[in-house]
2 protein chains.
Amino acid sequence: MTNSTRFAVAIHILATIAECRPAPVTSDRIAASVNTNPAVVRRILSQLGSAGLTTAQMGKGGGAQLARRPKKITLLDIYLAVEEPGLISLHRSLPDQNCPIGRNIQAAINTSTKEAEKAFLTTLGATTLKKLLKELHANQSP
Amino acid sequence: MTNSTRFAVAIHILATIAECRPAPVTSDRIAASVNTNPAVVRRILSQLGSAGLTTAQMGKGGGAQLARRPKKITLLDIYLAVEEPGLISLHRSLPDQNCPIGRNIQAAINTSTKEAEKAFLTTLGATTLKKLLKELHANQSP
DNA sequence: AATAGTGTTACTTATTCAGTAACATATGCT
DNA sequence: AGCATATGTTACTGAATAAGTAACACTATT
């Protein structure tokens, strides 16, 4: 499990790019909206690019664009692009391997929580960026 | 979202207590199996006690016991006892409130991911400690 | 009284992630 | 060609959080 804010920032980045379509958006402009450093945005954009969600144009007049329509991008796509897998962190140090419980507990935890993780991911996969953009406009404060 | 190992350790603690029933188990013995400091175990036991999952006997011959049968303890009970709520971390600094996206993105993220979080918790609630103990014995390495 | 436990606090250490600066590289414009 | 403006990436710093640790007041049993 990870404690990063990358998923939230990645969504913010993609929402910004989507709203500016079809013009490419620079990391500087995105960073201003996110309220962070442009390099942080570029780092995440790099991950989104590797995952095939965005494209980038270098040089003057360049910036980031969506690689496909918001309808075709799910929150699961975004999540997997920027977060480490595994919602649940196991022990920091290995349990006592001489103890029957210590030797087997981690496997049992993995097995027993697998379904819950799967449910989380599956549900994320059922929501698209398009839907989120709609949400963004729906309850918009003036 | 949290990155702690407390959920895994809490499960380990409860599994150990369950296996030793009906005798109370000391934090020292549990700590040996978990491979950590007894105070860490007591800290988590304190949370499990507040949640009504365990009881404790102070003094000589004391230790921790389950407050109810493993069949009546779900992984959700354990999770809620020791973890902060919220699977998804939002931005570290508040987005630009002068930007329409920045102003509304966090609410949109919360709304859009609520279902996935719910699915995770609901599924955790469907698995009991008893089931996990069974798993622990099933695939037990010798 | 002595012993063996919990409960809790305060502090230290480890880890992880975001913030930052710097720079090589790519592109478009004049 | 040369300049301006982008990305991509690296290496480092700083902040936040959680686990590890020591200490000790308190409680129960013998």
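(A) Layout of the overall build of chain A. Each helix and strand in chain A was counted, giving six helices and two strands. When the helices and strands of chain A are placed in sequence order, the string is α-α-α-β-β-α-α-α. Against the 2.2 N^0.38 benchmark of 14 Å for 142 residues, chain A shows a C-alpha radius of gyration of 19 Å, more extended than a compact globule. Across its three principal axes, chain A shows a C-alpha extent of roughly 60 × 30 × 30 Å. For chain A, the share of sequence-separated contacts (at least 6 apart) that also reach a separation of at least 24 residues comes to 66%. Computed over 17 positive and 9 negative side-chain charges, the separation of the two mean positions in chain A equals 9 Å.

(B) Seen up close, the interface of chain A and chain B. The interface of chain A with chain B comprises 56 residues on the first partner and 56 residues on the second. Of the roughly 4400 Å² buried where chain A meets chain B, counting both sides, 67% is carbon and sulfur surface. Between the two partners, chain A and chain B, sit zero salt bridges. Across the contact surface, chain A and chain B share eight residue pairs in polar contact (both at pLDDT 80 or more). Put simply, the parts of the chain that give the side of chain A that touches chain B at least two residues each are α1 (6–19), α2 (27–34), α4 (75–82), α5 (100–125) and α6 (129–138) of chain A. Sorting elements by how many residues they give to the side of chain A that touches chain B places α5 of chain A first, with 18 residues. Its residues assigned to classes, the side of chain A that touches chain B shows 28 nonpolar, 21 polar and seven charged.

(C) Inspection of the side chain of Thr74 of chain B at higher detail. All names here are of chain B. Position of Thr74 relative to the elements: it lies in the loop between β2 (63–66) and α4 (75–82). Among the residues examined, Thr74 registers a relative accessible area of 15% and is labelled buried. Once residues lying within four places of it in the same chain are set aside, the contact partners of Thr74 are Leu124, Gly125, Thr127 and Thr128.

(D) The arrangement of a positive patch on the surface in detail. A surface patch of like charges, here positive, comprises Arg69, Lys71, Lys72, Lys130, Lys131 and Lys134 of chain A. Locating Lys131 of chain A in the fold gives a position in helix α6.

(E) Quick peek at the pairing of strand β2 (residues 63–66) of chain A. Of the strand pairs in this sheet, strand β1 (residues 54–57) of chain A and β2 of chain A are connected by four bridges, and their pairing is antiparallel. In the sheet register, Thr55 of chain A faces β2 of chain A, and the bridge partner there is Gln65 of chain A.

(F) Local environment of the protein's contact with DNA strand C. Not every one of the 27 residues close to DNA strand C is listed here, only the nearest: Thr5 and Thr36 of chain A together with Ser27, Met58 and Arg92 of chain B. By atom count, sugar and phosphate contribute 64% of the portion of DNA strand C lying within 4 Å of the protein. Interatomic distance of 3.2 Å between a backbone N/O atom of Lys60 of chain A and a base oxygen of DNA strand C. With respect to DNA strand C, the side chain of Arg92 of chain B contributes an N or O atom lying 2.8 Å from a sugar or linking oxygen. Within the residue set of the surface near DNA strand C, elements represented by two or more residues are α3 (38–50) of chain A together with α3 (38–50) and β1 (54–57) of chain B. No other element matches α3 of chain A, which puts four residues into the surface near DNA strand C. Its residues placed into classes, the surface near DNA strand C shows six nonpolar, 13 polar and eight charged.

(G) Up close: α3 of chain B. If you check α3 of chain B, its first and last C-alpha atoms are 18 Å apart, about what 13 residues at 1.5 Å a residue would give, namely 18 Å. The N-capping residue of α3 of chain B, defined by a side-chain oxygen 2.9 Å from the backbone nitrogen of Ala39 of chain B, is Asn37 of chain B.

(H) Layout of the relation of the copies chain A and chain B. After a rotation of 180 degrees and a shift along the axis of 0.0 Å, chain A superposes on chain B with an RMSD of 0.1 Å. In short, the pair behaves as if placed about a two-fold rotation axis. Comparing interface residues between copies, 100% of those in chain A also lie at the interface in chain B; the contact surface is shared.

(I) Expanded view of the side chain of Ser27 of chain B. Structurally, Ser27 of chain B is set in helix α2 (residues 27–34). Aside from chain neighbours lying at most four places away, what touches Ser27 of chain B is Pro38, Val41 and Arg42 of chain B.

(J) Seen up close, the nonpolar core. Membership of the largest hydrophobic core comes to 83 residues, with the highest contact counts inside it found for Leu48 and Ile78 of chain A together with Leu48 and Ile78 of chain B. The residues contacting Leu48 of chain B, other than those within four sequence positions of it, are Ala10, Ile13, Leu14, Leu53, Thr54, Ile78, Ala81 and Val82 of chain B.

(K) Examining the packing of aromatic side chains more closely. Going through the model one piece at a time under the given rule, you end up with five aromatic pairs over all chains. Taking the centre distance of 5.1 Å and the plane angle of 85 degrees together, the rings of Phe7 of chain B and Tyr79 of chain B count as edge-to-face. Taken together, the residues span a long stretch of sequence, with Phe7 of chain B in helix α1 (residues 6–19) and Tyr79 of chain B in helix α4 at a distance of 72 residues. Residue classification places Phe7 of chain B among the buried positions, given a relative accessible area of 1%. Assessed through its relative accessible area of 5%, Tyr79 of chain B is described here as buried. Ring plane angle 75 degrees and centroid distance 5.7 Å describe the contact between Tyr79 of chain B and Phe120 of chain B, whose orientation is recorded as edge-to-face. Placement of the pair is Tyr79 of chain B in helix α4 and Phe120 of chain B in helix α5 (residues 100–125), with a sequence separation of 41 residues. Relative accessible area serves as the criterion here: at 0%, Phe120 of chain B is assigned to the buried category. Each member of the aromatic cluster is reached from another via a ring pair, and the members are Phe7, Tyr79 and Phe120 of chain A together with Phe7, Tyr79 and Phe120 of chain B.

Definitions and limits used
- Residues numbered from 1 in each chain as written.
- Chains lettered and ligands numbered in written order.
- Predicted model: local features only at pLDDT ≥ 70, side-chain atom pairs only at ≥ 80, totals over all residues.
- Heavy atoms only, no water.
- Helix = DSSP H or I, 4+ residues; strand = E, 2+ residues; numbered from the N terminus.
- Rg over C-alpha atoms; globule rule 2.2 N^0.38 Å.
- Contact = heavy atoms within 4.5 Å.
- Lys, Arg positive; Asp, Glu negative; His and termini not counted.
- Charge placed at Lys NZ, Arg CZ, Asp CG, Glu CD.
- Buried area = accessible area lost by both parts, 1.4 Å probe.
- Salt bridge = Lys/Arg side-chain N within 4 Å of Asp/Glu carboxyl O.
- Polar contact = N/O pair within 3.5 Å; in protein donor to acceptor, adjacent residues only side chain to side chain.
- Nonpolar A, V, L, I, M, F, W, Y, C, P; charged D, E, K, R; others polar.
- Buried < 20%, exposed > 50% of the residue type's maximum accessible area, 1.4 Å probe, protein only.
- Patch = residues over 30% accessible without salt bridge, like charges linked within 9 Å, V, L, I, M, F, W, Y side chains within 5 Å.
- Areas by Shrake-Rupley, 256 points an atom, 1.4 Å probe, with all protein chains shown as cover.
- Pairing = 2+ DSSP bridges.
- Near = heavy atom within 4 Å.
- Expected span 1.5 Å × (residues − 1).
- Least-squares fit on C-alpha atoms with pLDDT ≥ 70 in both.
- Core = buried A, V, L, I, M, F, W, Y, C linked by side-chain atoms within 4.5 Å.
- Phe/Tyr/Trp six-rings, centres within 6.5 Å; stacked < 30°, edge-to-face > 60°.

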